[in-house]
Amino acid sequence: MNSIDLYESLNAIDEDVLERSEKPVKKRSPWVKWVGLAACLCLVIAAAFAVPGLTDSGAGPAGSTEDIPQPGGTPADADIPGADPGLSDSVQEDIQPAWRDELTFNEVQAPLADTAPAAGVAIFGEALTQDELQSVQPDILLEWMELSGSALYYGYGPLAMVYLEFYNASWGDKITCTIRDAETPVYSDIVIEPDTVETSEINGLIVTAYRYFDPDGGVMLWAEFEREGLTYSLAANVDADNLEHAQAYLTDVVYCYANTVSVPDLGFFSMRGTHEYLNEALTLQKALEEETFGAYMLSSPPVGFSEGSFHRYQDQYSNYLSGLWTKGYDELRWKVSYFEEDDAARVTAAQDTENYDLSLYPIPMAESVPEELREIVDNPIFPIEELTQEAVYKRAYTVNDAGDTDGYRMRFGVLYGDILVEISSKSVSPQWIYEQLTALE
Amino acid sequence: MRDDEIIELYWRRQESAIRQSEIKYGTCCFTLARNILQNTEDAEEVVGDTWMRAWGSIPPRRPERLGPYLAKITRNLAINKLKARGAARRGGGETDAVLHELGECIAAPGSIEDEQTARELAESIRFFVRALPEREGNLFVRRYFFSEPIPVIAERFGLKGHNVTVILSRARRKLRRYLEKEGFLDE
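All residue numbers here refer to positions counted from 1 along the written sequence of the relevant chain. Note on labels: chains are lettered from A, ligands numbered from 1, in written order. Confidence filtering applies because this is a predicted model: local features only for residues at pLDDT of at least 70, side-chain atom pairs given and counted only at 80 or more, and all residues used for totals across whole chains, interfaces and linings. Calculation of side-chain values draws on the structure's entire complement of heavy atoms; hydrogens and water are dropped beforehand.

## Looking at the overall build of chain A
Here's step 1: Helix numbers and strand numbers start at the N terminus; a helix is a DSSP run of H or I with at least 4 residues, a strand a run of E with at least 2. In terms of regular secondary structure, chain A is built from 10 helices and 16 strands.
Here's step 2: Burial status across chain A gives 53% buried among its 441 residues.
Here's step 3: Residue contacts are counted whenever heavy atoms from the two residues lie within 4.5 Å of one another. Of all intrachain contacts in chain A linking residues separated by at least 6 positions in sequence, the fraction that spans at least 24 positions is 65%.
Here's step 4: Note on areas: Shrake-Rupley with a 1.4 Å probe; residue coverage comes only from the protein chains shown. Counting every atom, chain A has about 19200 Å² of accessible surface; 48% of that belongs to carbon and sulfur. Each residue gets one of three labels from its accessible area relative to the maximum for its type: buried under 20%, exposed over 50%, partly exposed in between, using a 1.4 Å probe on protein chains only.

## Notes on the environment of A:Ala223
Residues and elements named next belong to chain A.
Here's step 1: Assignment of secondary structure puts Ala223 in strand E8 (residues 218-227).
Here's step 2: You can call Ala223 buried: its relative accessible area is 0%.
Here's step 3: Residues Ala223 and Asn106, spaced 117 residues apart in sequence, show a C-alpha to C-alpha distance of 9.7 Å.
Here's step 4: Excluding anything up to four places from it in sequence, Ala223 contacts Val207, Thr208, Ala209, Tyr232, Ser233, Leu234 and Leu250.

## Side note on helix H10 (residues 430-439) of chain A
Here's step 1: Those residues of H10(A) lying buried are A:Pro430, A:Trp432, A:Ile433, A:Tyr434, A:Gln436 and A:Leu437.
Here's step 2: Buried positions along H10(A) lie against strand E13 (330-338), helix H9 (389-395), strand E15 (409-416) and strand E16 (419-426) of chain A.

## What to know about helix H4 (residues 66-85) of chain B
Here's step 1: The terminal C-alpha atoms of H4(B), which comprises 20 residues, lie 29 Å apart, in line with the 28 Å expected from a rise of 1.5 Å per residue.
Here's step 2: Within H4(B), 15 of the 20 residues are buried, leaving the element largely enclosed by the surrounding structure. For a helix, the expected span equals 1.5 Å multiplied by the residue count minus one.

## As for the packing of aromatic side chains
When we look at a pair of aromatic rings, we describe it by the centre distance and by the angle of the planes.
Here's step 1: Any two rings among Phe, Tyr and Trp, with Trp reduced to its six-membered ring, count as a pair given centres within 6.5 Å; such a pair is stacked if its planes are under 30 degrees apart, edge-to-face if over 60, and tilted if neither. Going through the model one piece at a time under the given rule, you end up with 20 aromatic pairs over all chains.
Here's step 2: Centroid distance B:Tyr10 to B:Trp55: 6.2 Å. Interplanar angle 50°. Geometry classified as tilted. In this pair, B:Tyr10 is assigned in helix H1 (residues 3-11) and B:Trp55 in helix H3 (residues 40-57), connecting sequence segments 45 residues apart.
Here's step 3: Between B:Phe128 and B:Phe140 the ring centres are 5.9 Å apart and the planes differ by 70°, which places this aromatic pair in the edge-to-face class. Note that B:Phe128 is positioned in helix H6 (residues 115-131) and B:Phe140 in helix H7 (residues 134-144), a separation of 12 residues in sequence.
Here's step 4: Among the aromatic residues, those joined into a ring-pair cluster are B:Phe127, B:Phe128, B:Phe140, B:Tyr144 and B:Tyr178.
Here's step 5: As a reminder, the over-ring test applies to NZ of lysine and CZ of arginine, requiring each to be within 6 Å of the ring centre and within 35 degrees of the ring normal. Its end group placed over the ring of A:Tyr320, A:Lys335 keeps NZ or CZ at 4.8 Å from the ring centre.

Structural data, given as structure tokens:
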């Protein structure tokens, strides 16, 4: 391959993507986007915390445990110059500790929503034990800090990073912090930095802090520093009314770490649970023999299609066996997974044609499909006993795009008990698809 | 005139279809061709050929998005002309810069000889660009599909040129990793 080949291949970019690039992207609300790595991890954490039993939190977002300092004071507080015990009781403090002015926030032009951790690398979250929590928290904690956290592990075993939440009950919000080995490769191409980035020095700690004002009225704050080979990333997402508090509390966390002598040993962490993690390419034979889903994999492609590639994947959130066959621009994707609760809204009976008959909805479908039916019309699921040849044909449509083939396209799923088979195809006969699906019964 | 009305003219075999295409998309097709070819005369020739190709292909096609459809034709024709010129007479400037940048994404240079590999590469690229975060994808498309100069992209997206360069550089690194993973750099 040479660069002309690559350049030429870009002609395959979808036309809607080309059209989209004409217009700058509308900035999204900070409530839904990532802030660098810290933000990436929030998603992982959010998902991790959503797994029943993963956290030991039974009361409130902090998930506090008995050893976590509570309002009312910690012995260490007295060591912090200017720490007024009164300040933690309210967000209306009159006395500001001096350190809260020491952090300079660089204004960021426009943060970019960007990638999650590297594709294909599953991350599992486990709530921190008391020992683990104590090993990564600052030597000193302010009264407002209710601390909880998770360890995030790569699917193949090693620790990716530690995630902490410093929750302030009276404020009702939190400062998040991730700690990772400074050498850990991460995607951090979120921030468009100003040309000149100012750093702050707090008790000898060099800190780079950023602030982004979203046009929608939100503010994102984040700060990074390194200590003894570890990178700390702090973040807060708040509305503009809470900016002052968020800056103060984020600076508090920085200050506490700046006054910390102990160094966490991340080598101390190891995955306790046994998480199923699979991420492997299979041959056709292995795919068909795969014990969980293999019985529902397609055994041979349509005439003229490639031999196919097969993939078995499982992590905390996904569990499937997939196959892909291609013929030039044409393709057939076949995915087998367990039917999940979330899929239930897409199940349709054959008689409910408004749920799946694409001929009822002229293009642009965004305008013709009622909002309440969009999800099911986009990707319906037929119980196998409801699947008819007519229904499959009603899912088929054609498009006319330059540089693309214009055969039938289809997307839908079929339910076999608790097994869901989902297909997505270009230029494959509906009749052929129907025959393969009914043959699986 | 709306796209569907212009397409209807093509379908009715009315030559005003070409005129309307020219009015609506002539400038962007010309800019695209000139970005690639770095030569006004050649660009005009390519744009003229674009209307002929469109005339010949609509019908039977009925493109959903006429602008991108025409842009792809223009780009194909311009690249063909570029290839016919040979490396020594590419015209320098933006095209060489774009090709040089894309060169970072490939391993040892060599040509793709078979059509199947070319198609697989195209499909992989299509997938890669669609999978990029929207903003990054848009910058990538403006630079490597439309061959727009960095300052133009910066202006379009309200960014500094340096920022555009950094974002594109990261996107290219991702592309290289992706191509490696997909096995295109094994040769």
